[in-house]
2 protein chains.
Amino acid sequence: MKNTFPLATKIGILGGGQLGRMFIENALRYDVEIHILDPSSNAPCAHLTAYFVQGDFKDYETVYKFGQTVDVISIEIEHVNTQALFDLEKEGKLVIPSALAIQTIKDKGLQKQFYEDYEIPSSRFRFVENKAALKEHIAFLPAFQKARKDGYDGKGVTFLKTAADFEQGFDVPSILEKAVDINKELSVLVARDQEGNTEVYPVVELVFDPVYNLVDYLIAPAQISEKEVEIAKKLALRVADSLHSPGLFAIEMFLTKEGEILVNETAPRAHNSGHHTIEASISSQFDNQLRILLGLPLGSTKSYKAAAMINIVGSEGHSGKVSYEGIQEVSALENVYIHLYGKEETKPGRKMGHVSVIGANFEDVLEKIAVVKEKLKAVSR
Amino acid sequence: MKNTFPLATKIGILGGGQLGRMFIENALRYDVEIHILDPSSNAPCAHLTAYFVQGDFKDYETVYKFGQTVDVISIEIEHVNTQALFDLEKEGKLVIPSALAIQTIKDKGLQKQFYEDYEIPSSRFRFVENKAALKEHIAFLPAFQKARKDGYDGKGVTFLKTAADFEQGFDVPSILEKAVDINKELSVLVARDQEGNTEVYPVVELVFDPVYNLVDYLIAPAQISEKEVEIAKKLALRVADSLHSPGLFAIEMFLTKEGEILVNETAPRAHNSGHHTIEASISSQFDNQLRILLGLPLGSTKSYKAAAMINIVGSEGHSGKVSYEGIQEVSALENVYIHLYGKEETKPGRKMGHVSVIGANFEDVLEKIAVVKEKLKAVSR
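Throughout what follows, the structure given in this document is the object of discussion. (Residues numbered from 1 in each chain as written. Chains lettered and ligands numbered in written order. Predicted model: local features only at pLDDT ≥ 70, side-chain atom pairs only at ≥ 80, totals over all residues. Heavy atoms only, no water.)

1. Concerning the pattern of salt bridges
Let me state the cut-off plainly: Any Lys or Arg side-chain nitrogen found within 4 Å of a carboxyl oxygen on Asp or Glu counts as a salt bridge. Elements are defined by DSSP. Helices are runs of H or I of four residues or more, strands are runs of E of two residues or more, and each kind is numbered from the N terminus. Relative accessibility decides the category of a residue: with a 1.4 Å probe and only protein chains considered, values under 20% of the type maximum give buried, values over 50% give exposed, and everything between is partly exposed.
Under the definition given, this model contains 42 salt bridges over all chains. With a shortest N-O distance of 2.8 Å, Lys302 of chain A and Glu334 of chain B are connected by a salt bridge. With Lys302 of chain A in the loop between helix H8 (285–294) and strand S17 (306–313) and Glu334 of chain B in the loop between helix H9 (327–331) and strand S19 (336–340), the pair connects residues from two separate chains. For Lys302 of chain A, a relative accessible area of 52% gives the class exposed. The salt bridge involving Lys90 of chain B is made with Asp87 of chain B; its shortest N-O contact spans 3.5 Å. Of the two residues, Lys90 of chain B and Asp87 of chain B are both situated in helix H3 (residues 82–90); the distance of 3 residues between them amounts to about one turn of the helix. For Lys90 of chain B, a relative accessible area of 70% gives the class exposed. Take Asp87 of chain B: its relative accessible area is 16%, and that puts it in the buried class. The network of salt bridges with common partners includes Lys108, Lys112, Lys146, Glu177 and Glu265 of chain A.

See below:
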């Protein structure tokens with residue numbers, strides 16, 4: 001084991017959104033320099049480091065040059081130029097997760113193939129080249145059409161119940177994913193270090209907002225049987241190990257009405273389903289991401305008995321400069337932690353922040369979730 | 001109660017050392033802009049915000065102009081230009097703590113007079129104008145000579161046992177403080193909001209390094225009687241209330257061998273004796289400082305059953321670019337949190353970072369303190 005520090009002082013992160021912001025927050029405890037690449041001068045990270053570089057993380061030259069200025073490169077979004085990362089790796093630069101892992105995951109088609117190759121249970125799927133090709137798959141419905149690239153937070157996903165819905169389908173290379181009857185949506189975070197050691201966080205249960213198709217709130221640990229916990233954790237580890245890459249991975253799963261657990265999607269980075277770990281776990285997802293980059297031992301994923309996380313999204317009917325209602329009331333609650341992402345503008349459904357709640361039991365936590373959801377609003381001024 | 005947010009988006013902090021760094025770390029969770037003024041381009045905060053201003057916080061013009069660019073001004077060091085703060089207050093700018101509170105505390109003579117005026121028990125003292133005047137106080141020995149201004153971390157303090165020690169006395173306006181027989185050194189943090197509401201943290205017990213005269217480690221809560229806890233907390237509240245200012249205050253005390261509790265010194269800001277609150281308390285000292293600035297309700301000061309904080313100071317015989325030994329081993333310990341301050345250069349006794357430990361009982365915590373003290377070293381490369 002290496003015995004001195006710093007091992008890598010310059011960390012480059014592709015993407016400067018809220019995940020980067022929370023990564024920086026934790027990283028300030030270590031003697032490291034955080035470099036951020038993001039196209040927007042208003043990104044949540046833009047003012048948080050003197051090493052902010054405005055530029056497009058999808059552009060080969062930009063990523064390649066940015067990578068050369070740092071010791072280790074990581075991501076907070078997977079839609080980045082992987083060719084530049086492959087080339088940086090060839091030159092010996094540390095890229096975490098690996099360029100191959102990012103490439104596999106950022107294309108939802110390759111991601112589904114990966115599950116198939118490694119015999120990881122996942123819902124059945126088909127490739128479709130464009131909108132016209134949808135009609136070859138009428139017998140496969142109901143299904144979700146997912147654009148292979150650039151989808152996130154419900155964008156690039158549409159539900160096709162019958163052939164009548166084809167009109168609203170996407171005209172881009174996509175996959176069709178067989179709809180399954182879902183009992184619960186789960187997520188498991190796995191931290192995998194450079195030597196292949198892993199730590200798994202408690203399984204969480206995600207409750208989705210039906211309008212925005214993004215996480216409304218989560219509770220941790222998930223209220224499922226011990227056997228289901230065991231299966232979910234094993235499955236998550238199988239995904240992380242099969243990617244053969246160090247990194248932090250969020251594996252989202254469906255617990256079907258038949259009691260089967262299927263992998264839905266994997267994120268090769270910190271994830272919304274792990275925000276509660278900042279307060280609920282000894283070492284948060286962001287802390288473990290940093291430990292992996294620095295070659296430090298993984299942090300403990302032991303967690304509070306009961307925790308929850310509520311997303312604060314822009315209220316319906318409000319667009320423009322944001323202000324927050326209910327901050328006073330919610331700040332006064334014990335064991336309730338507000339996180340605002342520093343976004344200037346709100347719009348309906350935009351993730352503006354989140355609130356974490358920890359407690360000794362679920363009644364207490366659920367009560368606080370209800371208060372937060374009722375009081376705290378992101379509105380326009 | 002005001003119901004919308006942000007209330008104050010631009011926060012100016014005088015000083016950019018480790019306290020500012022930890023303040024920023026917490027402040028990233030809120031939608032605020034942190035502006036930092038520090039004379040050094042290498043300050044621990046220098047690269048952590050795009051709003052870093054290099055300049056002298058002791059200079060009237062610099063502080064005055066800096067203050068005009070922000071909504072609320074606070075400090076992480078008390079040795080600042082208070083005249084500029086008085087003038088900014090006159091113009092309606094929010095200054096927390098108040099210019100008067102800072103002025104009272106930054107001059108150790110005025111601070112001692114303040115204790116006298118408010119009948120706050122403190123060791124006896126005398127004013128001395130210069131080194132030559134020391135000889136008028138031979139009968140007052142043994143005593144500590146403390147320079148009235150600019151002292152910190154043991155600097156500007158010297159012990160005068162007999163007249164033979166006068167040669168090493170300071171030739172600046174000072175106070176002589178009667179030496180007392182100390183059983184334990186204690187500290188109590190008080191958060192006082194803009195409306196005068198207060199929250200008090202558990203009393204902590206400080207163990208000093210005899211060479212560097214700064215905190216070696218602390219344990220929280222202090223191992224003293226319930227009655228002593230009550231007296232210490234009341235005394236701390238009396239100090240904070242008597243300053244008639246919002247802010248975070250650290251009140252350091254002596255528990256004498258006779259069982260008396262005397263106020264030693266007050267810091268009108270976050271303090272080394274509160275670093276453990278980041279992990280050990282629901283709301284840390286930095287979170288409460290921010291809440292006070294923003295006009296939010298005070299956060300809960302409820303804390304873990306047992307906590308400790310160990311300062312990492314530069315090792316004897318090492319000066320120059322820093323590296324850290326033992327980070328791997330200490331990172332592997334559960335419930336042990338390393339904080340490095342990002343200082344480039346180490347020198348013997350310089351505060352380079354700290355480690356917090358939390359636990360269910362003191363045996364566990366004390367064991368980890370021993371490991372940290374043995375393993376973790378700040379050395380030169």
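2. Looking at the side chain of Arg269 of chain B
Residue and element names in this part refer to chain B. Rules: Contacts are assigned to residue pairs that have any heavy atoms within 4.5 Å of one another.
In this fold, Arg269 is placed in the loop between strand S16 (261–267) and helix H7 (277–280). Exposure remark for Arg269: the relative accessible area of 14% places this residue in the buried category. Residues in contact with Arg269, not counting those within four places in the same chain, are Leu19, Ile75, Glu76, Ile77, Glu78, Leu248, Phe249 and Ala250.

3. Re the relation of the copies chain A and chain B
Put simply, the rule is: We place the copies in one frame by least squares, fitting the C-alpha atoms of every residue whose pLDDT is at least 70 in both.
For these two chains of identical sequence, chain A goes onto chain B by a turn of 180 degrees and a shift of 0.0 Å along the axis, with RMSD 0.0 Å. Interpreted geometrically, this transformation is the action of a two-fold axis.

4. A few points about the interface of chain A and chain B
The condition that has to hold: Here's the idea: put two parts together, see how much 1.4 Å probe accessible area each one loses, and the total over both is what we call buried area. Here a polar contact is taken to be a pair of N or O atoms separated by no more than 3.5 Å, where protein atoms must pair a possible hydrogen donor with a possible acceptor and residues adjacent in sequence count only if both atoms sit in side chains.
Each partner contributes to the interface: chain A provides 48 residues, whereas chain B provides 48 residues. Together chain A and chain B conceal approximately 4,300 Å² of surface at their shared face, both sides included; 50% is due to carbon and sulfur atoms. Applying the counting rule to chain A against chain B returns 6 salt bridges. Residue Arg29 of chain A pairs with Glu25 of chain B through a salt bridge whose shortest N-O separation is 2.3 Å. Summed over the shared surface of chain A and chain B, the number is 24 residue pairs in polar contact (both at pLDDT 80 or more). Those elements that place two or more of their residues in the side of chain A that touches chain B are strand S1 (4–5), helix H1 (18–27), helix H7 (277–280), strand S18 (320–325), helix H9 (327–331) and strand S19 (336–340) of chain A.

5. Re the sheet that holds strand S5 (residues 72–75) of chain A
Residue and element names in this part refer to chain A. The line we're drawing: Criterion used throughout: strands pair if DSSP finds at least two bridges between them.
Across the sheet, 5 strands lie side by side as S4-S3-S2-S5-S6; this open sheet has parallel pairing. At either end of the open sheet lies a strand with only one pairing partner, and these are strand S4 (52–54) and strand S6 (94–95). Pairing between S5 and S6: 2 bridges, direction parallel. Bridging from a neighbouring strand, Val72 pairs with Leu94 of S6.

6. Concerning helix H10 (residues 362–375) of chain A
Residue and element names in this part refer to chain A. Where we set the bar: The span you would expect from a helix comes to 1.5 Å times its residue count less one. Think of the arc as the fan of directions from the helix axis to the C-beta atoms.
With 14 residues, H10 should reach 20 Å at 1.5 Å per residue; the first-to-last C-alpha distance of 20 Å fits that figure. For H10, the full list of buried residues reads Phe362, Val365, Lys368, Ile369 and Val372. The buried residues of H10 occupy one face: seen down the axis, they fall within an arc of 125 degrees. With respect to the buried face of H10, the exposed residues turned more than 90 degrees away are Glu363, Glu367 and Glu374. Against strand S14 (214–220), S17, H9, S19 and strand S21 (351–359) lie the buried residues of H10. Regarding H10, its N-cap is Asn361, as a side-chain oxygen of that residue lies 3.2 Å from the backbone nitrogen of Glu363 further along.

7. Some thoughts on the packing of helix H1 (residues 18–27) of chain B against helix H8 (residues 285–294) of chain B
Residue and element names in this part refer to chain B. The line we're drawing: Fitted lines through C-alpha atoms serve as axes, helices being fitted only where they are in contact, and the angles separating the N-to-C directions of these axes extend from 0 to 180 degrees. Convention used here: angles under 35 degrees read as roughly parallel, angles over 145 as roughly antiparallel, angles from 65 to 115 as roughly perpendicular, and any remaining angle as oblique. Amino acids are sorted into nonpolar (Ala, Val, Leu, Ile, Met, Phe, Trp, Tyr, Cys and Pro), charged (Asp, Glu, Lys and Arg) and polar (every other residue, Gly among them).
Packing of H1 against H8 leaves a shortest axis separation of 9 Å and a crossing angle of 70 degrees. One finds that H1 runs roughly perpendicular with respect to H8. Between H1 and H8, the residues in contact are Leu19, Met22, Phe23, Asn26 and Ala27 and Phe286, Asp287, Gln289, Leu290 and Leu293, respectively. Its residues assigned to classes, the contact of H1 with H8 comprises 7 nonpolar, 2 polar and 1 charged.

8. Re the sheet that holds strand S5 (residues 72–75) of chain B
All names here are of chain B. Read from one edge to the other, the open sheet built from 5 strands follows the order S4-S3-S2-S5-S6, with strand pairing classed as parallel. In the strand order of this sheet, the two ends are held by strand S4 (52–54) and strand S6 (94–95), each with one partner. Here strand S2 (residues 10–14) runs beside S5; their pairing, made up of 4 bridges, is parallel. For Ile13, the partnering residue across the bridge sits in S5 and is Ser74. Contacts from H1 reach S2 and strand S3 (33–38) within the one sheet, and its direction differs from that of S3 by about 175 degrees. In the packing of helix H2 (residues 60–68) onto the sheet, the strands contacted are S2, S3, S4 and S5, and the crossing angle to S3 comes to about 175 degrees.

That is the geometry; function is a separate question.
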